[in-house]
Amino acid sequence: MRRTVRTRVRRFGEDGLLDARADALAGEEPLEVRLDGEQFTVTMRTPGDDVELIAGFLLSEGIVTDWAQIRQVDFAAGIDPDGTRNLNVARVSLEPGTWDPEVYRARQVYTSSACGICGTASIEAVQRSSAFPILLDAMSEDGPVAAPLVTAKTLLGLPDALREEQTLFGSTGGVHAAGLFRLVREGAGVADRAELLAVREDVGRHNAVDKVIGWALQQGMLPLHDTVLQVSGRASFELVQKASMAGIPMLSAVSAPSGLAVDLGREQGITVVGFNRGTRFNAYSHHERIV
């Protein structure tokens, strides 16, 4: 797969040209998704893990909730002008009755690598109801909150654990990453260890998350109530929304969250953590899960 592209680069310093050498860039290509013959979306992504990307995207959009609803993903339609197969067109067949194309007519058909909700007609359409709501059974200042409980030390270790697996970032420096961690605890106790389940990388932060939750959908692991989603960038509204659609109760980011991301976290019962770097982090919603 075309995950990286080789190029020539000239390096400069304050005194002028230093050298010329080969370099690696992250691949970015369009992926057109057709649902039951209907053009659904075109998203810019780093090629690779495309079936997971499609599955996670359909879950995020509220179209599927189970891997069994996806009958087939066929890439045979993606052909370049010279006749070679490019794997950039996916024809997806869903089980009858899974979705209503008329409901999605208002959606535009282009999603950039920078934004995962740019093609949605309205903010109301983005706030989809999750089939895997976070279970809430105790009150906090943000509203009801529930397990899992996790130590601050465990959360602080997630960015480094994710970074160690970012092989594509290591060679290009130009991709985002998302890691899904299972919280390991004894009985109903506090989790003091996190087990890495999956890491995916992509030029789009939303694509990286879709690939991770798409993997979990394939594995039959939803809802992901005992997990934390660690991302390499900021915590945007769309990432909190995707966590909600998969039943993930905690989202941790190395950078800042947006105001709308925090509002949605409070509403959906998700612990939103930002600036998770080194020896400290900020908890913006449902902090009672952290002990």
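Now for a quick tour of the structure. As the structure is a computational prediction, the values presented were derived from the model and not from experiment. (Residues numbered from 1 in each chain as written. Predicted model: local features only at pLDDT ≥ 70, side-chain atom pairs only at ≥ 80, totals over all residues. Heavy atoms only, no water.)

**Brief notes about the environment of Asp74**
Step number 1: When you line up the elements, Asp74 lands in strand 5 (residues 70–74).
Step number 2: For the pair formed by Asp74 and Val89, sequence separation is 15 residues and the distance between their alpha carbons is 8.2 Å.
Step number 3: Among residues more than four places away in sequence, those in contact with Asp74 are Val89, Ala90 and Arg91.
Step number 4: Among the polar contacts made by the side chain of Asp74, one reaches the side chain of Arg91 at a distance of 2.7 Å. (Helix = DSSP H or I, 4+ residues; strand = E, 2+ residues; numbered from the N terminus. Contact = heavy atoms within 4.5 Å. Polar contact = N/O pair within 3.5 Å; in protein donor to acceptor, adjacent residues only side chain to side chain.)

**Things to note about the environment of Glu288**
Step number 1: Along the polypeptide, Glu288 turns up in the segment after strand 15 (280–283).
Step number 2: Residue class for Glu288 comes out partly exposed when judged on its relative accessible area of 27%.
Step number 3: Separated by 138 residues in the primary sequence, Glu288 and Val150 have C-alpha atoms spaced 9.4 Å apart. (Buried < 20%, exposed > 50% of the residue type's maximum accessible area, 1.4 Å probe, protein only.)

**Notes on the packing of helix 7 (residues 237–246) against helix 8 (residues 259–268)**
Step number 1: One can describe the packing of helix 7 onto helix 8 by two numbers: an axis separation of 8 Å at closest approach and a directional angle of 20°. It follows that helix 7 is roughly parallel to helix 8 by the angle criterion. Regarding helix 7 and helix 8, the two cross each other, and that crossing is right-handed. Contact residues: helix 7 offers Phe237, Val240, Gln241 and Ser244, while helix 8 offers Leu260, Ala261, Leu264, Gly265 and Gln268. (Axes fitted to C-alpha atoms, helices over the stretch in contact; angles between N-to-C directions. Parallel < 35°, antiparallel > 145°, perpendicular 65-115°, else oblique. Left-handed = near helix turned anticlockwise from the far one by under 90°.)

**Focus on helix 8**
Step number 1: Listing the buried residues of helix 8 in full gives Ala261, Val262, Leu264 and Gly265. One side of helix 8 carries all its buried residues, which in axial view fall inside an arc of 165°.
Step number 2: The secondary structure elements touched by the buried residues of helix 8 are helix 7 and strand 14 (271–277).
Step number 3: Positive phi shows up at Gly269, right after helix 8, with a value of about 80°. (Arc of directions from axis to C-beta.)

**Brief notes about the packing of aromatic side chains**
Step number 1: Under the criterion given, the structure shown has two aromatic pairs.
Step number 2: Seen from their ring centres, Phe40 and Phe57 are 5.9 Å apart, and the 70° between their planes marks the pair as edge-to-face. Of this pair, Phe40 sits in strand 4 (residues 38–45) while Phe57 is found in helix 1 (residues 50–60), placing the two residues 17 residues apart along the sequence. Across the pair, Phe57 and Phe40 agree in class, each one buried.
Step number 3: With centroids separated by 5.9 Å and ring planes inclined at 85°, the aromatic side chains of Phe40 and Trp99 adopt a geometry described as edge-to-face. Of this pair, Phe40 sits in strand 4 while Trp99 sits in the loop between strand 6 (89–94) and strand 7 (110–111), placing them 59 residues apart in sequence. One exposure class covers both Phe40 and Trp99, and it is buried.
Step number 4: Put simply, the rings of Phe40, Phe57 and Trp99 touch in pairs and so form one group of aromatic residues. (Phe/Tyr/Trp six-rings, centres within 6.5 Å; stacked < 30°, edge-to-face > 60°.)

**Concerning the nonpolar core**
Step number 1: One finds Leu35, Leu58, Ile63, Val92, Leu94 and Leu229 to be the most contacted residues of the largest nonpolar core, which totals 49 residues.
Step number 2: In terms of residue count, helix 6 (residues 205–218) provides more of this core than any other element does, seven residues in total.
Step number 3: Not counting residues within four places of it along the chain, the set of residues in contact with Val92 comprises Val33, Arg34, Leu35, Asp36, Ile54, Leu58, Ile70, Gln72 and Val73.
Step number 4: Counting eleven residues, the second-largest nonpolar core is a separate cluster that includes Leu155, Leu183, Ala191 and Val273. (Core = buried A, V, L, I, M, F, W, Y, C linked by side-chain atoms within 4.5 Å.)

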